[in-house]
Amino acid sequence: MSLKRKIALTLSVSFSLLFGVVLIIIYISFNDFRREEFKDRFVRRLGFTTNFISKSKNFENEAPIFFNENSDNFLLNETILIFNADKELIYSTIKDQKVTWNKELLTELDKKKDIYNEDAVPEVYAALKNINGENYYILTSAYDTNGKSKLEYLKYLLITAFITCTLLIGFFSYYFMGKFLQPLEDLNKEISEVTAHKLTTQIPVEQSNDEISILAKSFNTMISRLNDVFQSQKDFTASASHEIRTPITRMAFQLENLIKLEQHSPETLSALKQMLKDVYQLSDLTNSLLLLTKFDKENIQSIYEEVRIDEVIFESFDRVQKSYPNLKMDFLISEETQENAFLTINGVQSLLDIVFINLLKNAAVYSDNADVKILITEKETHLSVDVFSEGNTISEEEQPKLFEAFMRGNNSQNISGSGLGLRIAKRILEYHNANIQYNSPSENMNKFSVIFNK
């Protein structure tokens, strides 16, 4: 999830929670207000009834007329039950219906004097009053239709407001975060275009002291320092490789002349040939490093050319055979290859030569019989080259580290080598958007697969 979305989501959730709490408080407060207001109406009605009873000369005869005339003045659907001190019903506003009441409520009035039950339907307010020296139990019930409807309306209004405001705050949070973070996105775009080939490119910096401008300035400073380091490294590698090539060439020439002389003993001749192989290996390694300093992964595609992979393999084999004359190659094209296949890829031939020279050298050095089999398969999506050789295989524990620098397996004991060949080959193939894999299809069989994406 992007930073913009994280901030927008955090703001939206935080606001929604806070706003939701506020709306709940509003709803609860309004419900409390409705309850207290309705209770006050009950109390006023009770006082009105108590006043009537205290002033009435003939309560039972005057009550029907009085309550009929004032039935709608206070409460909706009002019901009044009046009991004497013996808790006997002496008057009820309910006509033509069976009158029921909660006897426990009357008993409870002896202790609490007044009770308000808002959970009952309808709501009930009961009170014990002493009027003219006599106790009366008065039970009043009514529906707060107006208050309930207002509370229901408020509930839907608050829910609608919550949903609407949550959506709006989500939209505006995302919109304004996009505006605020746009300079950061522009900076990220500028940084992504900086490559090893463009380390001299400076990111535009606005005349501002905000965090993004400071970050851009710091990045430009870092790029300048990295450019100095990389340039020094490339210059050193190129200069060292170039300077080493001359003495290596001289050593190889002198060793070749010495080997041609017939006055050496067999031990001396064997030692000279081994030294010549080491010199050739050092020469190839130096040439590989020198070539790699001229390219990088970003700009190499600009010099791609169409290369026939079979020609690369035969040329590499000829060069390796000069150092290992016993090496034999069995070159095959898979039956799965398309009929119109041209066995061509886009790349740099000088670098691809290094890849297959290293693979063929490994086959010559590590195989039991100095035989190598190469199988080429070309399909619509890729071209693969499988290099087979018989010999000691790489253990499963060592296979993940096979393409690391200076990695040499247990099968390389008593065999000279730098441990850089496969690492250089993998780096070159990465430049060509290709991949190299190792596996052992059978016992005592090594297989390297080079896969070029088309």
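Just so you know, these numbers come straight off a predicted model, no measurement behind them.

So, how was this worked out
Counting restarts for each chain, with residues numbered from 1 along the sequence as it is written. Reporting in this predicted model follows two pLDDT cut-offs: at least 70 for local features of residues, and 80 or more for side-chain atom pairs to be given and counted; totals over whole chains, interfaces and linings ignore these cut-offs and use all residues. By convention in this description, side-chain values take in all heavy atoms of the structure and omit both hydrogens and water. In this analysis an axis means a line fitted to C-alpha atoms, helices contributing only their contacting stretch, and an angle means the value between N-to-C directions, from 0 to 180 degrees. Here a strand is any run of E in DSSP of at least two residues, a helix any run of H or I of at least four, and the numbering for each starts at the N terminus. Crossing handedness follows the turn of the near helix against the far one: under a right angle anticlockwise gives a left-handed crossing, and clockwise gives a right-handed one. Any pair of residues with heavy atoms lying within 4.5 Å of one another is described as a contacting pair. Gly counts as polar in this scheme, as do all residues outside two lists: the nonpolar Ala, Val, Leu, Ile, Met, Phe, Trp, Tyr, Cys and Pro, and the charged Asp, Glu, Lys and Arg. Here the angle decides the label: under 35 degrees means roughly parallel, over 145 means roughly antiparallel, 65 to 115 means roughly perpendicular, and every other value means oblique. Helices are assigned an expected span. That span is 1.5 Å times one less than the residue count. A residue's bend is the angle separating two fitted axes: one through the seven residues that end there, the other through the seven that start there. Burial classification: accessible surface area is computed with a 1.4 Å probe over protein chains only, and a residue below 20% of its type maximum counts as buried, one above 50% as exposed, and the rest as partly exposed. Note on terminology: a nonpolar core comprises buried Ala, Val, Leu, Ile, Met, Phe, Trp, Tyr and Cys residues joined through side-chain atoms within 4.5 Å. DSSP calls a pair of strands paired once it identifies at least 2 bridges connecting them. A residue counts toward a patch only above 30% relative accessible area and without a salt bridge, and it is joined to like-charged neighbours within 9 Å or, for Val, Leu, Ile, Met, Phe, Trp and Tyr, to nonpolar neighbours within 5 Å. Using the Shrake-Rupley algorithm and a 1.4 Å probe, accessible areas are obtained, with residue cover drawn only from the displayed protein chains. Counted as salt bridges are all cases of a side-chain nitrogen of Lys or Arg within 4 Å of a carboxyl oxygen of Asp or Glu. Residues counted as positive are Lys and Arg, residues counted as negative are Asp and Glu, and His and the chain ends are not counted. Every charge is mapped onto a representative atom, which is NZ of Lys, CZ of Arg, CG of Asp or CD of Glu. For this quantity, the arc is that covered by the directions from the helix axis to the C-beta atoms.

Caption draft 1: Summary view of the packing of helix α8 (residues 349-366) against helix α9 (residues 421-431). Closest axis-to-axis distance for the α8/α9 pair is 9 Å, and the angle between their directions is 145°. As for the relative orientation of α8 and α9, their crossing is left-handed in sense. Of the residues in α9, those touching α8 at Leu 351, Leu 352, Ile 354, Val 355, Asn 358, Leu 359 and Asn 362 are Gly 421, Leu 422, Ile 424, Ala 425, Ile 428 and Leu 429. A breakdown of the residues in the contact of α8 with α9 according to their chemical character gives 10 nonpolar, three polar and no charged.

Caption draft 2: Representation of the packing of helix α7 (residues 309-323) against α8 within the structure. Relative orientation of the contacting elements α7 and α8 amounts to 55°, with a least axis distance of 8 Å. On the basis of their axis angle, the class for α7 and α8 is oblique. In this structure, the crossing between α7 and α8 has a hand that is right-handed. Here Ile 309, Val 312, Ile 313, Glu 315, Ser 316, Phe 317, Arg 319 and Val 320 of α7 lie close against α8, whose contacting residues are Gln 349, Leu 352, Asp 353, Phe 356, Ile 357, Leu 360 and Lys 361. Its residues assigned to classes, the contact of α7 with α8 comprises nine nonpolar, two polar and four charged.

Caption draft 3: Quick peek at helix α4 (residues 145-192). Compared with an ideal rise of 1.5 Å per residue, which puts 48 residues at 70 Å, α4 spans 67 Å between its outermost C-alpha atoms and is within 8% of the ideal. Taking the largest bend as the criterion, α4 deviates by roughly 50°, centred on Leu 181, and proline Pro 183 comes between one and four positions later. When α4 is considered as a whole, its buried residues turn out to be Gly 147, Leu 151, Leu 154, Leu 158, Ser 173, Met 177, Gly 178, Leu 181 and Leu 187.

Caption draft 4: Expanded view of the nonpolar core. Ranked by size, the top nonpolar core spans 44 residues in total, and within it Ile 309, Phe 356, Leu 359, Ile 374, Val 385, Phe 448 and Phe 452 carry the most contacts. Only α7, α8, β9 (367-378), β10 (382-391), α9, β11 (434-439) and β12 (445-453) provide two or more residues apiece to this core. Considering every element that reaches this core, the biggest residue donor is α8, with 10 residues. Once residues within four sequence positions are removed from consideration, Ile 309 is found in contact with Leu 343, Ile 345, Phe 356, Ile 376, Leu 383, Val 385 and Phe 452. Judged by nonpolar contacts, the second largest core, of 15 residues, contains Leu 46, Ile 80, Ile 82 and Ile 131.

Caption draft 5: The arrangement of the pairing of β11 in detail. Across the two faces of β11 the burial differs, with Ala 434, Ile 436 and Tyr 438 buried and Asn 435, Gln 437 and Asn 439 not buried at all. In this sheet, β12 lies alongside β11 in antiparallel orientation, the contact comprising six bridges. Across the sheet, the residue bridging to Asn 435 is Ile 451, located in β12. Hairpin geometry of β11 and β12 is characterised by an intervening segment of five residues between the two adjacent antiparallel strands and by a positive phi of about 70° at Asn 444.

Caption draft 6: Seen up close, a negative patch on the surface. A cluster of like negative charges, contributed by Asp 186, Glu 190, Glu 206, Asp 210 and Glu 211, occupies part of the molecular surface. Residue class for Glu 206 comes out exposed when judged on its relative accessible area of 57%.

Caption draft 7: Expanded view of the sheet that holds β11. Spatially, five strands are ordered β7-β9-β10-β12-β11 in an open sheet, and the strand pairing comes out mixed. Edge positions in the open sheet fall to β7 (328-333) and β11, since each of these has one partner strand only. On average, each strand axis in the sheet is inclined to that of its neighbour by 15°, with strand direction left out of account. Bridge count for β7 against β9 is six bridges, and the pairing is parallel. Bridge pairing in β9 links Asp 330 to Lys 373. α9 rests against β11 and β12 of the sheet, and its axis sits at about 145° to β11.

Caption draft 8: Region of interest: helix α3 (residues 103-112). For α3, the set of buried residues is Leu 105, Leu 106 and Leu 109. All buried residues of α3 project into a common sector of 100° when viewed along the axis, lining one side. Seen from the buried face of α3, the exposed residues on the opposite side, beyond 90 degrees, are Lys 103, Glu 104 and Lys 111. In the segment just after α3, Lys 113 is the residue with positive phi, at about 70°.

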